Amino acid sequence: MTSENPSKSSRLAGSEVVKTTGLVSYQTAAIASRVILKHSTGTVTVLALDESQRLSEHTAPFDALVQVLEGEVEIMISDKPHRLQGDEMILIPAGQPHALKALTRFKMILTKIRP
C-alpha cells in the first residue's frame, strides 16, 4: 500500500471538519491509504483502491469494520462473498480469513478494534 502524501502528517487535527472521500486519492493500478487515527486499541484508515486491485486473504487479531464510501467491492469472509457499494458497511470478525477485490475504483474507511 502506498500513502497519499507521505510527507504530510496522516492524522487528523482535532475538531477539524473534512470531506471523507478527499482524505485519500486514487492512484493508477495501486492501493492508496492514509491512517487518520492510531492507538494501541485500534486504527482508522481511509483507503482508495483502483479497479481490480486486491488485498489477498489474511486474518487479523482485530474486528474490522469496512465502510464503503464510493464504488463497489467484493469482500470474501470465510469463503463467503459479500458485494458492497457506497453507503454500505460490513463487520469482519477478528480471526476470520478475509480478502477483497475492487470491482470498480472504490474508497473505504477501515476501522480496526481489538476485541
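Now for a look at the structure at hand. (Residues numbered from 1 in each chain as written. Predicted model: local features only at pLDDT ≥ 70, side-chain atom pairs only at ≥ 80, totals over all residues. Heavy atoms only, no water.)

Some points on the pattern of salt bridges
Right, so step 1: Under the defined criterion, the tally for this structure stands at two salt bridges.
Right, so step 2: A salt bridge links Arg-105 to Asp-50, with the nearest nitrogen and oxygen atoms 3.0 Å apart. Placement of Arg-105 in the loop between β9 (98-102) and β10 (106-113) and of Asp-50 in the loop between β3 (42-49) and β4 (54-58) is noted, with a sequence separation of 55 residues between them.
Right, so step 3: The buried category is assigned to Asp-50, whose relative accessible area is 11%.
Right, so step 4: Here Arg-83 and Glu-72 are joined by a salt bridge, their closest N and O atoms 2.5 Å apart. Residue Arg-83 is located in strand β7 (residues 80-85), and its partner Glu-72 is located in strand β6 (residues 72-77); the two are separated by eleven residues in the primary sequence.
Right, so step 5: Judged by its relative accessible area of 58%, Arg-83 is exposed. (Salt bridge = Lys/Arg side-chain N within 4 Å of Asp/Glu carboxyl O. Helix = DSSP H or I, 4+ residues; strand = E, 2+ residues; numbered from the N terminus. Buried < 20%, exposed > 50% of the residue type's maximum accessible area, 1.4 Å probe, protein only.)

Some remarks on the sheet that holds β7
Right, so step 1: Read across the open sheet, the four strands follow the order β4-β9-β6-β7; overall the sheet is antiparallel. A single partner strand is all that each edge strand has here, and the edge strands are β4 and β7. Each strand of the sheet is rotated relative to its neighbour by a mean of 20°, with strand direction disregarded. (Pairing = 2+ DSSP bridges. Axes fitted to C-alpha atoms, helices over the stretch in contact; angles between N-to-C directions.)

What is shown is where atoms sit, not what they do.
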